[in-house]
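Reading the structure
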Protein chains: 2
Amino acid sequence: MKFQPPKGTRDLLPEDASKLQKIMEICRSVFTKYGFEPLITPAFESFELLSAKGGLGEAVKDEIYYFKDKSDRELGLRFDLTMPLARVVSSTSLPKPFKRYVIDKVWRYDNPQSMRWREFWQADIDVVGSGSLLSDVECLSAICEILDKLGFTDYKIRTNSRKLLQNEFEKIVAKEKILDVFRIIDKLEKIGFDGVGDELKNKGVDPTDVLNILKIGSLDKISDNDGKKELGELFSIAKKFGIEKRLKFDISLVRGLEYYTSVVFEVSLGANVSCGGGGRYDALIEKVGGQSMPATGISLGLDRILEVMKENNMFKTEKTATKVFVANVDENALNDAIKITKTLRENDINSQMDLMGRNFGKQLEYANSLQIPYVLIVGPTEVKKKKFELKDMKTGKQRELSLNQIISIFSKL
Amino acid sequence: MKFQPPKGTRDLLPEDASKLQKIMEICRSVFTKYGFEPLITPAFESFELLSAKGGLGEAVKDEIYYFKDKSDRELGLRFDLTMPLARVVSSTSLPKPFKRYVIDKVWRYDNPQSMRWREFWQADIDVVGSGSLLSDVECLSAICEILDKLGFTDYKIRTNSRKLLQNEFEKIVAKEKILDVFRIIDKLEKIGFDGVGDELKNKGVDPTDVLNILKIGSLDKISDNDGKKELGELFSIAKKFGIEKRLKFDISLVRGLEYYTSVVFEVSLGANVSCGGGGRYDALIEKVGGQSMPATGISLGLDRILEVMKENNMFKTEKTATKVFVANVDENALNDAIKITKTLRENDINSQMDLMGRNFGKQLEYANSLQIPYVLIVGPTEVKKKKFELKDMKTGKQRELSLNQIISIFSKL
C-alpha cells in the first residue's frame, strides 16, 4: 500500500519547497529590516488558551485539531500565531514595544478546497505594547515591501475599522443582532449582495439599510466617529510611508477572528485572492491573563502567495541550487572526482558528484534531470593535464579550464 | 491566570530564536552546497504510516502524540523526519539519488528532562536510492562541516555497523534474545557496564561474553564479516573526504530506531552530549509500500546544539539585528524621523523608530534595552543643517554626519 499525506495537508517537493523558501527568505529579511525579532512557540497549545475569551471561545473546538495527551491534558494545534504571542507576552516582561515576527505553520480543521488547506504557512508580524497607529502602518509597510519584492504589482489592502462598523450598524440593527450581521457581511465576497440580503432576511434583519451602508465607497460619506477618525489618521500616516495607494477603505471588511478591536486589514492579490490580513487587538492580551496592552499585527498566507506566483510564472529561480555536477568518466577517475568536489565545496560552490557508480552517460542524464547548469568532466587525461572540460548543459558548449579558473567562474556567478 | 507552553515544550524568545536561526542558516547553506534539496511534509502523518513495520511498529503509540481527527482518522505528530521521507519517496518518482534536507520540528512523548523535550528541532539530510557508502560519507562530511562552522572543535561521530553487531552477537546470544540484548546495550552510556551486566542477567543472558565484546576498541580485533568490511570501506572513503579523524569505531553503538540495517552513527559534542545520529536503512522504503531502495541519512538535534553553544558562549551574534534606532528629540521631529527611517530601510539598513510617543530619554533607554548599537538623533536643528548626530551606544561617542555618510557607514558594516 502507498501512504498519502493526511487529508487537507500536502507535501512540497523540492521545486516548490525551494520556492516557498525564497518567499520566506524575503519575508525574514524585510521583517528584520523593520526591527521585528523572531519568536518560536510550540505547534500546540493548551486548549484553555486556544478557547480563551477574546480568542475564539469554546466553539474553536470545531475548527481546530483538538486532542488530549497521555495525561489527559487538553491540547490543540494552534490555529494562528497571535494567540501564542499573546500567551508569551502575558507571561514575560520583554521591553515594549515588542516587535516580533514568526514564519511557521498553523492548522485549521476547515473543509479543504482550492487554495484552502488544513495545514498552512503564515508569516506574521506584530507590535505589542504600542497603541499608536504608526505601529499598524509599520506592519502594513513591511507587508507592502514584501509583496513588491516578490513582484506583485496589483495587490490591495482593504482597510476598515471595527469601531466604525460598530458605530454605523448600531444605528440600524438591534445590538444583540450585530454579531450575526457581521458574520453575514463577512461572506459578502463569497455570496454577493443578494446572498447577504437573503441571509439577513432569514435572521429577521431588514437588508435595505445594511446593504446601503455596505455600498458606501468613501470614508468622506461617513459621519464623524472614533472609527472614522482612526482610519483618517491611519491613511495620513500611510501617506508618509508612501503606501497610501495600496490601502483601500472597504466598509464591508469584517475579518472573522473576534479579537480585533479597531483597524482591520485584508491583503488581496490581483484577482481578489486574499493572502492575509490582520488588525488591532487591544483587548486580547489582558483577556489571556496579561496586563492591559494594545497590540496590532498582520499575517501573510504563504501557501496562497506561492500558488499565485507559480500560476503567474513569477519565479525566476533555477530548479536546483546545485551549480555543477562533477562527472567521472570511469571508476578510476572517482577519487579525483571526490577531490575536485571537495575543493569546489571548500570554495562554497554548490556541487554534486555521482553516488550511484553510474557510467558517464547516465551521470549526464542525472545532471540533466535535475537541471544542474554545468557538468565538470573528470578523466585520467584531464587529471594529468590539470585541465577539465566544463560543459554548459543548456548550450552544450564545452570549455577546457583549470580548476582555479572554474572556481573563479562560479564564485562570480 | 497565566498560560504556560504545554509540558515538555518551550518558547524560544527572540535572543534564543535568533541563535537557533543562525544554526539553521548554516545547516541550510551547507546542505545546499552538498546538493541536498528541501522537502516539506506535514507535521502529522497517518498513524498507519508511523506504526508501519520497519518503523517503530504499534508500540509507537506510547511514544508519540496520537490523536484522531473529526472523521476518526488515526493520526500522529511525526516522531522523526525519516518516515515522512520514506512515504514521499515510496509514492513519487523523483530522480535518484534523491538528496533531501529538511529542518523542522518533531514530537516525541518522552519524559521531559534536561536537554530532552517533547517538541524539538531536527536538521536532517538523506540520500535515497544510492547503496554506495559514498552517500553515507557525503552526509557525514556535511555534518562535520556544519559543526566546524558552528565552532565545535571536539566533536566525535561514533560509528558502528548493525551487520557487525548482529554477526558478533549471534555467536554468543540466542537469536530470539538478540533484540533484547541490543536494547540493553543501547543504555550503556546511561547505566554503565555494571548496569548493562545486571540487566543482561535479568534477561537470562550471561553478561561475560557480551561485556567482552563491548570492550573491543578496535575494528582490527573483529574477525572478518560483512559488517567489518563495510566499516572498513566507510573509513577509507571518509579519509578521502578528510573527516576520518572525526569517526570513532564504537561496537556498543546500537541506535534506538529499528529501521537501521547497516552502518549507524551518533554525533557527540564535547562532554558526551549526543546531538544527532543516523545510519543506513535499506529496507524501510519497501516496507512502507515503495520499491526496494537503499537509503541513508543523518539527523542533527538543533535544540541541544543551541544549548551547548549557549553554555560555552559560542555565539558571536549581537542581541538584535537592528543596527540603528532613529530617535526624535520631540514630537515635531517625528515626521522627519519617519522619513529618515524610511530612507535607511530603502538602503537595506535594519532600523527602528519610536512607536510609543516617548520622550527622547525614554527612546534611548529602549534602544539600550534592546542593545541596538547606534542611535541616530533627529531634531529641528539637525534637519535644518542636514547633519545628524550618530551615537555609538557602546562608547557613548557621537559624530555629526550627513544622511548619506550614515548610509555609507552602515552599508559597509
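Residues numbered from 1 in each chain as written. Chains lettered and ligands numbered in written order. Predicted model: local features only at pLDDT ≥ 70, side-chain atom pairs only at ≥ 80, totals over all residues.

**Looking at the overall build of chain A**
Within chain A, the regular secondary structure consists of 15 helices and 16 strands. Seen along its three principal axes, the alpha-carbon backbone of chain A occupies a region of about 90 × 55 × 45 Å. Across the 413 residues that make up chain A, the buried fraction comes to 47%. Across chain A, every contact between residues at least 6 apart in sequence was considered, and the portion connecting residues at least 24 apart equals 67%. (Helix = DSSP H or I, 4+ residues; strand = E, 2+ residues; numbered from the N terminus. Buried ≥ 20, exposed ≤ 12 C-beta atoms within 10 Å, placed from the backbone. Contact = placed C-beta atoms within 7 Å.)

**Comments concerning the sheet that holds strand β2 (residues 44-46) of chain A**
Residues and elements named next belong to chain A. Spatial strand order, β2-β4-β3: 3 strands in an open sheet with antiparallel pairing. A strand with exactly one partner marks an edge of an open sheet, and here the two such strands are β2 and β3 (66-68). Across the sheet, the axes of successive neighbouring strands diverge by a mean angle of 35°, strand direction being ignored. Note that β2 and strand β4 (residues 74-77) share 3 bridges and pair antiparallel. Looking at the pairing, S46 lines up with L75 of β4. (Pairing = 2+ DSSP bridges. Axes fitted to C-alpha atoms, helices over the stretch in contact; angles between N-to-C directions.)

**Observations regarding helix α9 (residues 226-240) of chain A**
All names here are of chain A. Between its first and last C-alpha atoms α9 spans 22 Å; for 15 residues at 1.5 Å apiece the expected length is 21 Å, and the two agree. All buried positions along α9 are accounted for by G227, K228, L231, L234, I237 and A238. Contacts made by the buried residues of α9 are with α4 (133-150), β7 (156-161), α5 (162-170), β8 (247-249) and β9 (263-269). Of the residues flanking the end of α9, it is G242, one or two places downstream, whose phi is positive at about 75°. (Expected span 1.5 Å × (residues − 1).)

**Focus: the relation of the copies chain B and chain A**
Screw-axis analysis of chain B against chain A gives a translation of 0.0 Å along the axis, an RMSD of 0.0 Å, and a rotation angle of 180°. Within this description, the copies of the chain are treated as partners about a two-fold rotation axis. If distances are taken from each C-alpha of chain B to the rotation axis, the shortest is found for B:F67, at 2.9 Å. Both copies share a contact surface, since 99% of the interface residues of chain B are interface residues in chain A too. (Least-squares fit on C-alpha atoms with pLDDT ≥ 70 in both.)

**Side note on the domain arrangement of chain A**
How big an interface is tends to be stated in terms of the accessible area lost upon association of its parts. In terms of domains, chain A is made up of domain 1 (14-311) and domain 2 (324-412). Between the C-alpha centres of domain 1 of chain A and domain 2 of chain A there is a distance of 50 Å. (Domains from an automatic or database assignment.)

**Things to note about the environment of B:S18**
Relative to the helices and strands, B:S18 is located in helix α1 (residues 14-33). Take B:S18: there are 21 C-beta atoms within 10 Å of it, and that puts it in the buried class. Put simply, B:S18 and B:T320 are 302 residues apart on the chain and 8.2 Å apart in space, counted from C-alpha to C-alpha. Beyond its immediate chain neighbours, meaning those up to four positions away, B:S18 contacts A:E37, A:P38, B:T317 and B:A321.

**Some points on the nonpolar core**
With 237 residues, the main nonpolar core has A:L140, A:I143, A:V324, A:L376, B:L140, B:I143 and B:L376 as its most contacted residues. When neighbours within four sequence positions are excluded, B:L140 is seen to be in contact with B:I157, B:A238, B:I243, B:F265 and B:I298. (Core = buried A, V, L, I, M, F, W, Y, C linked by C-beta atoms within 7 Å.)

**What about the interface of chain B and chain A?**
Listed by partner, the interface residues are 76 residues for chain B and 75 residues for chain A. Looking at the side of chain B that touches chain A, the element that brings in the most residues is α1(B), giving 7 residues. Partitioning the side of chain B that touches chain A into residue classes produces 34 nonpolar, 23 polar and 19 charged. (Nonpolar A, V, L, I, M, F, W, Y, C, P; charged D, E, K, R; others polar.)

**Digging into the packing of helix α6 (residues 178-185) of chain B against helix α7 (residues 188-202) of chain B**
All names here are of chain B. Here α6 crosses α7 at 140°, and the two axes come no closer than 8 Å. Relative to α7, α6 is oriented oblique. Between α6 and α7, the contacting residues are V181, I184 and I185 on the first element and L188, V196, E199 and L200 on the second. Residues that form the contact of α6 with α7 fall into these classes: 6 nonpolar, no polar and 1 charged. (Parallel < 35°, antiparallel > 145°, perpendicular 65-115°, else oblique.)

**Focus: the sheet that holds strand β1 (residues 37-38) of chain A**
All names here are of chain A. Strand order in the open sheet formed by 8 strands is β1-β5-β6-β11-β10-β9-β7-β8, and the pairing between neighbours is mixed. Both edges of this open sheet fall to β1 and β8, since each of them pairs with a single strand only. Where strand β5 (residues 98-107) lies against strand β6 (residues 119-128), 10 bridges are found, and the strand directions are antiparallel. Bridging from a neighbouring strand, K99 pairs with V127 of β6.

**Some remarks on the environment of B:A321**
By secondary structure assignment, the location of B:A321 is in the loop between α11 (302-311) and β12 (324-328). As a C-alpha pair, B:A321 and B:I349 span 28 residues in sequence and 9.9 Å in three-dimensional space. Aside from chain neighbours lying at most four places away, what touches B:A321 is A:T32, B:S18 and B:N350.

**Description of the pairing of strand β11 (residues 295-301) of chain B**
Residue and element names in this part refer to chain B. In terms of burial, β11 is largely enclosed, as 7 of its 7 residues are buried. In β11, alternate side chains face the same way, and those of A295, G297, S299 and G301 on one face and T296, I298 and L300 on the other are all buried. As paired elements, strand β10 (residues 273-280) and β11 share 5 bridges and run antiparallel to each other. The residue bridging G279 from the neighbouring strand is G297, located in β11.

**What about unusual backbone geometry?**
Residue and element names in this part refer to chain A. Going from K96 to P97, the amide bond is cis rather than trans, its omega being 0°. Within the element layout of this structure, P97 appears in the loop between α3 (82-91) and β5. The phi dihedral of D72 is positive, around 65°, even though this residue is not glycine. Tracing the sequence through the fold places D72 in the loop between β3 and β4.

**Comments concerning the confidence of the model for chain A**
Of all residues in chain A, 98% have pLDDT values of 70 or greater, and the mean over the chain is 94. The ipTM value of the predicted complex is 0.94, and its pTM value is 0.95. (pLDDT = per-residue confidence, 0-100.)

**Some details on the pairing of strand β9 (residues 263-269) of chain B**
All names here are of chain B. Summarising burial for β9: 6 of the 7 residues are buried, a large majority. With 6 bridges connecting them, strand β7 (residues 156-161) and β9 associate as antiparallel partners. Counterpart to N160 in the pairing with β9 is V264. Examined bridge by bridge, β9 and β10 share 6 bridges and lie antiparallel to one another. In the strand pairing of β10, L269 is matched with V273. Between β9 and the antiparallel strand that follows it, β10, lie 3 residues; N272 among them carries a positive phi value of about 65°.

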